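Coordinate inspection notes
For reference, the chains in residue letters:
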Amino acid sequence: MMRSPELEKMPRAELEKLQIERLQEKVKDVYEKVPFYRRAFKEKEVTPDDIQTPADLKKLPFTIKLDFRDNYPYGLLAVPPEEIVRIHSSSGTTGKPIIAPYTQGDVDTWAEIMARTLATSGVTREDVLQNAYGYGLFTGGLGFHYGAELLGASVVPTSGGNTKRQILLIQDLGATVITCTPSYALILAETALDMGVDLRETRLRLGVLGAEPWSEQMRQDIEERLGIIAINIYGLTEIIGPGVSVECPHKCGMHIAEDHFLVELIDPQTEEPVPYGQEGELVITTLTKEAQPVIRFRTRDIVSLNPEPCECGRTMTRMSRVTGRSDDMLIVRGVNVFPSQIESVLLEVEGVEPHYLIVVDRKHAFKSDELEVWVEVSEDVFSDEMQKMEALEKKLRSEMDSVLGISARIKLVEPKTIARTEGKAKRVVDRSEL
Ligand code: AMP
Ligand code: ZN
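Note that the structure is a prediction, hence the values are computed from the model and not measured. (Residues numbered from 1 in each chain as written. Chains lettered and ligands numbered in written order. Predicted model: local features only at pLDDT ≥ 70, side-chain atom pairs only at ≥ 80, totals over all residues. Heavy atoms only, no water.)

Turning our attention to the domain arrangement of the chain. When its domains are assigned, the chain resolves into domain 1 (1-326) and domain 2 (330-433). Between the C-alpha centres of domain 1 and domain 2 there is a distance of 31 Å. Taken together, the contact pairs 18 residues of domain 1 with twelve residues of domain 2. For the domain 1 and domain 2 pair, buried surface summed over both sides reaches about 1200 Å², with 64% attributable to carbon and sulfur atoms. The three residues of domain 1 that bury the most area against domain 2 are Ser91, Thr93 and Pro213, which together make up 37% of that side's buried surface. Summed over the shared surface of domain 1 and domain 2, the result is zero salt bridges. Where domain 1 touches domain 2, the interface holds six residue pairs in polar contact (both at pLDDT 80 or more). Residues of the side of domain 1 that touches domain 2, tallied by class, amount to five nonpolar, nine polar and four charged. (Domains from an automatic or database assignment. Contact = heavy atoms within 4.5 Å. Buried area = accessible area lost by both parts, 1.4 Å probe. Salt bridge = Lys/Arg side-chain N within 4 Å of Asp/Glu carboxyl O. Polar contact = N/O pair within 3.5 Å; in protein donor to acceptor, adjacent residues only side chain to side chain. Nonpolar A, V, L, I, M, F, W, Y, C, P; charged D, E, K, R; others polar.)

Note that soluble globular proteins tend to have their nonpolar side chains buried in a common cluster. Ranked by internal contacts, the top residues of the largest apolar core, which has 67 residues, are Leu118, Val123, Leu282 and Met319. Tallying contributions element by element places helix H5 (residues 104-121) first for this core, with seven residues. When residues of this core are assigned to domains, at least three fall in each of domain 1 (1-326) and domain 2 (330-433). The next biggest cluster of nonpolar side chains, apart from the first, holds 26 residues, and it includes Leu330, Ile342, Val345 and Leu396. (Core = buried A, V, L, I, M, F, W, Y, C linked by side-chain atoms within 4.5 Å. Buried < 20%, exposed > 50% of the residue type's maximum accessible area, 1.4 Å probe, protein only. Helix = DSSP H or I, 4+ residues; strand = E, 2+ residues; numbered from the N terminus.)

Next up on the list: the pattern of salt bridges. Applying the stated criterion to the full structure yields 31 salt bridges. The salt bridge involving aspartate 70 is made with arginine 69; its shortest N-O contact spans 3.5 Å. Sharing partners across several salt bridges, the network here consists of Glu216, Arg219, Glu247 and Arg321.

Our focus in this paragraph is the site of ligand 1. The full set close to ligand 1 counts 19 residues, and Ser90, Asn232, Ile233, Thr237 and Asp301 are the nearest of them. Contacts to ligand 1 include serine 90, whose side-chain N or O atom sits 2.8 Å from an oxygen atom. At 2.6 Å from an oxygen atom of ligand 1 is found a side-chain nitrogen or oxygen belonging to aspartate 301. Counting residues per element, the shell around ligand 1 draws most heavily on strand E7 (residues 229-236), which supplies five residues. Residue classes in the shell around ligand 1 are distributed as ten nonpolar, six polar and three charged. The residues that make up the shell around ligand 1 include at least three from each of domain 1 (1-326) and domain 2 (330-433). (Near = heavy atom within 4 Å.)

Moving on, we get to the layout of surface pockets. Leftover empty space is mapped by rolling, across the atoms, a probe with the size of a water molecule. The computed volume of the second largest pocket comes to approximately 600 Å³. Of all elements in the fold, only helix H2 (12-33) and strand E10 (261-266) reach the threshold of two or more residues within the lining of the second largest pocket. Top element by residues in the lining of the second largest pocket is E10. It accounts for five residues. (1 Å grid on protein atoms, 1.4 Å probe; cavity = no way out; pocket = protein on both sides within 12 Å on 5 of 7 lines; lining within 4 Å. Points joined across faces, edges and corners; volume = space filled by probe spheres on them.)

Read from one edge of the open sheet, four strands run E10-E11-E12-E15, paired in antiparallel fashion. With partners counted over all chains shown, the strands left at the sheet margins are E10 and strand E15 (324-325), one partner each. Where strand E11 (residues 280-286) and strand E12 (residues 297-303) come together, four bridges link them in antiparallel fashion. What sits directly across from valine 283, in E12, is arginine 298. (Pairing = 2+ DSSP bridges.)

Spelled out as structure tokens, the structure:
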């Protein structure tokens, strides 16, 4: 098993040398093979030869979520389509999803990154790892699966849901590690209690949790209720999926796999660099991705960076918890939701006005367990009979469901009841503010 642990502890100067070599190669690659990047480079009047030092990175153009939509589905490929062996996906801002294609080389590299990531978090080949991240288009399930197998742990691929069965399997198979979202970890604890099972008395000892924001408070809660150490892990579809960064057992920031991902921190407004220790938007360039390399991707995730070596001996820069977003994305029950998607549904449906309010229950930054949409109906629908209102509500519910990938509660309200603003409309409110 290749886990390249020596890379995690390499001196910064050596790491930077490796990064610049890989960057130069990737920049050349996308310039030659991806028309989108060639055009973007030309607009900024930069060529691969201009990239000589890490500081030259800022000469390159940014890539944003919209670029994925505009080039959907295969416009950002840097390899011939027959090289693709797998495609994952996540929701985009409107209409089209974000897709993440992988070559065999990408799949192998990702497994290696995830094996190392899991090892960093404390997983070993002696562990029985129950993987309750969703298997399917979402990167979580298969990302953890391949990494854990490569590490040599015994993987139980439960995927999400069917919570009672999950509890039984944890007991019967003696799972020592649970991997899932922090919200699902709490659902497991609650369900176990209902079943008369105390998870603290099982062999569970470690949780590798992520894919949505959570707080230190929530960590303590999870650790107490499940009797585990809870470790934070971060990743995103555009870059690779899980494995971009993870905490070591010191729990003092997530070590970024900098041999694969080059990070910058910028002020989301001015796009100027932000110094270490201060909060800014994370920007990531992939250094080893083959199928769909990404240059300076604006993640919209707000974090701070710490380049000091960690007590664990790793030299890889650590990122803080994600404390917010520089856009209006929400994560509802594990699914990315953009207000623009909701708006696009409303604009398609007859009988509703483009005035709406998204009501969420946001305990941790941009994560919510609930999604409720208040929609203004037009005068004529409102004065019509009840049946029409019910039919409209049903239609909206099913349209939302198919566009968002999760169900939303719809509340139809009278014309002109949702507050109008002259400036930027406030579309998302927390239930506690109502
Ligand atoms: P997806 O591409 O669907 O996996 O969503 C990626 C997004 O999920 C990231 O850009 C973050 O906003 C969020 N995310 C993933 N992991 C974490 C984490 N550990 N803490 C906070 N947010 C996270
Ligand atoms: Zn560490």
